[in-house]
Amino acid sequence: MPQVMPLRESRARAEKVFVMRSLGGQPWSKIRDELGFGSVGAAQMAYRRFLARNPVPDGKTVFAEILERKRVTTSAALTAMARAERDGDLQAVATLIGVVSRMDAELAKLYGLNRETVHVDLNVSASPGAILDRAEADLLALAQRHPQIIDAEVVEP
């Protein structure tokens, strides 16, 4: 099948398909008509190919990217705060202190540093025989309340 449009344009159109479908929630027929596809299936194929070329990053990668953005934005905020302090703009300094504090709190959440430590002391003292006795008692009580549910006979070995 001959190439209908240059690869660059085709990939840009596939990205538009992705945006219209994923972010805009547009129906396939509207995407087909608006972007000039020959069929709904062709628009869907462009969508699948876009996803194949742009896989969703794993959690480790996303975490690293978030940390890097936090590092850059915190650095910019601290630089702006130093400049505001040097210029005597106390209002800006106070605002930026709040910004940096919120950024620190978000970073602490990412690392789980905001969680309270809870100590749980758990002791299990039931023996297998006690568990079986309890189960038997529960079944007998159930049979007495609802005789139509359980129709069985206990046979001793």
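Counting from 1, residues in each chain are numbered in the order their sequence is written. Predicted model: local features are reported for residues with pLDDT of at least 70 only, side-chain atom pairs are reported and counted for 80 or more only, and whole-chain, interface and lining totals are derived from all residues. The basis for the side-chain values is all heavy atoms of the structure; hydrogens and waters are excluded.

Draft legend 1. A look at the pattern of salt bridges. By definition here, a salt bridge exists when the distance from a side-chain nitrogen of Lys or Arg to a carboxyl oxygen of Asp or Glu is within 4 Å. In total, this model carries five salt bridges according to the counting rule given. For Lys70, the salt bridge goes to Glu106, with nearest N and O atoms at 2.5 Å. A residue pair is termed long-range when its members are at least 10 positions apart, and Lys70 in helix α4 (residues 59–87) and Glu106 in helix α5 (residues 90–110) qualify at 36 residues. With a closest N to O distance of 3.5 Å, Arg86 and Asp87 form a salt bridge. For the pair Arg86 and Asp87, a shared accessibility class is recorded, and that class is exposed. Here a helix means four or more residues in a row that DSSP labels H or I, a strand means two or more in a row labelled E, and each is numbered from the N terminus. Each residue gets one of three labels from its accessible area relative to the maximum for its type: buried under 20%, exposed over 50%, partly exposed in between, using a 1.4 Å probe on protein chains only.

Draft legend 2. Representation of the packing of helix α1 (residues 7–23) against helix α3 (residues 40–53) within the structure. Packing of α1 against α3 brings their axes to within 8 Å, and their N-to-C directions diverge by 100°. On the basis of their axis angle, the class for α1 and α3 is roughly perpendicular. Of the residues in α3, those touching α1 at Arg11, Ala14, Glu15, Val17, Phe18, Arg21 and Ser22 are Ala43, Ala46, Tyr47, Phe50, Leu51 and Arg53. Classes in brief: Ala, Val, Leu, Ile, Met, Phe, Trp, Tyr, Cys and Pro nonpolar; Asp, Glu, Lys and Arg charged; the others, Gly included, polar. Its residues placed into classes, the contact of α1 with α3 shows eight nonpolar, one polar and four charged. Note on geometry: axes are C-alpha line fits, over the in-contact stretch for helices, and angles between N-to-C directions span 0 to 180 degrees. Angles below 35 degrees are treated as roughly parallel, those above 145 as roughly antiparallel, those between 65 and 115 as roughly perpendicular, and all remaining angles as oblique. The criterion used for residue contact is that any of the two residues' heavy atoms lie within 4.5 Å.

Draft legend 3. Quick peek at the confidence of the model for the chain. As a per-residue quantity, pLDDT reports the predictor's confidence and falls between 0 and 100. Overall, the prediction assigns the chain a mean pLDDT of 88, with 94% of residues at 70 or greater. Mean pLDDT across the secondary structure elements of the chain bottoms out at helix α6 (residues 128–145), with 85, and peaks at helix α2 (residues 28–35), with 96.

Draft legend 4. Broad picture of the environment of Pro27. Its place among the elements puts Pro27 in the loop between α1 and α2. Residue Pro27 is classed as partly exposed on the basis of its relative accessible area of 42%. Here the alpha-carbon distance between Pro27 and Glu136, two residues 109 residues apart in the chain, equals 58 Å.

Draft legend 5. Focus on the environment of Val93. Take Val93: it is sitting in helix α5. Placed 13 residues apart in sequence, Val93 and Ala80 show a C-alpha to C-alpha distance of 8.3 Å. Those residues in contact with Val93 that lie beyond four places of it in its chain are Met81, Ala84 and Glu85.

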